[in-house]
Amino acid sequence: YLEFSRPPEALTVQPPIVILGMIASPNDRTALNVDHEILRMEQATSGLQAAGVAACAKHFPGHGDTSQDSHRDLPRLPHALDRLERVELAPFRALARAGVASVMTAHVVFEALDPVRPATLSPAVMRLLRERVGFDGCAISDDLEMKAVAEHFPLEVSAPGAVDDLKRRKGMIV
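It should be emphasised that the depicted structure is a prediction, and the values quoted were computed from it without experimental measurement.

About the cut-offs
- In every chain, residue numbers begin from 1 and rise along the written sequence.
- Given that this is a predicted model, residues contribute local features only at a pLDDT of at least 70 and side-chain atom pairs are listed and counted only at 80 or more, while totals for whole chains, interfaces and linings are drawn from all residues.
- For the side-chain quantities, the full set of heavy atoms in the structure was used; hydrogens and water were omitted.
- Put simply, DSSP marks the helices as runs of H or I at least four residues long and the strands as runs of E at least two long, and each gets a number from the N terminus on.
- To get the bend at any residue, fit one axis to the seven residues that end at it and another to the seven that begin at it, then take the angle between the two axes.
- For each residue, the accessible area found with a 1.4 Å probe, counting protein chains only, is set against the maximum for its type, and the residue is called buried under 20%, exposed over 50%, and partly exposed in between.
- Note on definitions: salt bridges are taken to be side-chain nitrogens of Lys or Arg within 4 Å of carboxyl oxygens of Asp or Glu.
- Two strands qualify as a pair provided DSSP detects at least 2 bridges between them.
- The contact rule is simple, with two residues in contact once any of their heavy atoms fall within 4.5 Å.
- By the criterion applied in these results, polar contacts are pairs of N or O atoms within 3.5 Å in which, for protein atoms, one can donate a hydrogen and the other can accept it, and in which residues neighboring in sequence qualify only through two side-chain atoms.
- Only Phe, Tyr and Trp rings are paired, with Trp represented by its six-membered ring, and only when their centres lie within 6.5 Å; those with planes under 30 degrees apart are stacked, over 60 edge-to-face, the remainder tilted.

### A look at the overall build of the protein chain
Phase 1: Counting its regular elements, the protein chain contains five helices and nine strands.
Phase 2: For the protein chain, the α and β elements follow one another from N to C terminus as β-β-β-α-β-β-α-β-β-α-β-α-α-β.

Written out as structure tokens, the structure reads:
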């Protein structure tokens, strides 16, 4: 998979956090190498898929500017849509153009798109992925039993919400 847990530009808004025993810092890329990083990911996608490996870009529409671990909490991002377009969506748009086979959604609430549901369960976020990013491959949920979803949306609520996009498009629930 291709990990886009951090936006590809220098952000100093959140300190590093520990996710599953690993340090995740949103500050390990600089604005000077954004285009290079995106090009590298496009090349990696093309190379993997040319060798018969289906690449997966994650976590859509971005996870890097959160201060919480979605394995334990439900992170929220208050960024305006223009900021999401400029920062978080750029790598996903490039990979959609490169033909990435799948995209995994984030268990993060993006208040500008849906102030209640995390991206995985949000029709507005899925429309953004399909219509504005231009991705038409397989959309994969992250694990619906992670605390970000399970503690806020019971499985009988979250599973049908995640299935909605599957009925209309291609996808997979984890």
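### Side note on helix α2 (residues 81–98)
Phase 1: The largest bend along α2 measures about 65° and falls at Leu89, with the proline Pro91 one to four residues further on.
Phase 2: Taken together, the buried positions of α2 are Arg83, Leu84, Glu85, Val87, Glu88, Leu89, Pro91, Phe92, Arg93, Ala94, Leu95 and Ala96.

### Points about helix α3 (residues 123–132)
Phase 1: Of all the positions in α3, only Val125, Met126, Leu128, Leu129 and Arg130 are classed as buried.
Phase 2: Looking at the residues trailing α3, positive phi occurs at Gly134, about 85°.

### Regarding the pattern of salt bridges
Phase 1: Under the defined criterion, the tally for this structure stands at seven salt bridges.
Phase 2: Across the pair Arg83 and Glu88 runs a salt bridge whose closest N-O atoms are separated by 2.5 Å.
Phase 3: According to the relative accessible area criterion, Arg83 is buried, its value standing at 12%.
Phase 4: Using a relative accessible area of 3% as the deciding quantity, one classes Glu88 as buried.
Phase 5: With a closest N to O distance of 2.8 Å, Arg117 and Asp114 form a salt bridge.
Phase 6: When its relative accessible area of 34% is taken as the criterion, Arg117 is described as partly exposed.
Phase 7: By relative accessible area, which is 5% here, Asp114 ends up buried.
Phase 8: Via salt bridges that share partners, Glu85, Arg93 and Arg132 belong to a single interconnected network.

### Remarks on the pairing of strand β4 (residues 56–60)
Phase 1: Counting buried positions along β4 yields five of five residues, so the element is predominantly enclosed.
Phase 2: When β4 meets strand β6 (residues 102–105), the two strands line up parallel, connected through four bridges. Its bridge partner lying in β6, Phe60 is registered against Thr105.

### Focus: the environment of Ser70
Phase 1: Tracing the backbone shows Ser70 in the loop between β4 and β5 (76–77).
Phase 2: As for Ser70 and Lys147, which are separated by 77 residues in sequence, their C-alpha atoms are 6.7 Å apart.
Phase 3: When sequence neighbours within four positions are dropped, the list of residues in contact with Ser70 reads His63, Pro75, His107, Met146, Lys147 and Ala148.

### What about the environment of His71?
Phase 1: Within the element layout of this structure, His71 appears in the loop between β4 and β5.
Phase 2: With relative accessibility at 29%, the residue His71 sits in the partly exposed group.
Phase 3: A distance of 2.7 Å separates a polar atom in the side chain of His71 from a polar atom in the side chain of Asp69.

### Things to note about the packing of aromatic side chains
Phase 1: Scanning all chains against the criterion turns up one aromatic pair.
Phase 2: With a centroid separation of 5.2 Å and an interplanar angle of 90°, the aromatic rings of Phe60 and Phe92 are classed as edge-to-face. In this pair, Phe60 sits in strand β4 while Phe92 sits in helix α2, placing the two residues 32 residues apart along the sequence. Of the two residues examined, Phe60 and Phe92, each falls in the buried class.

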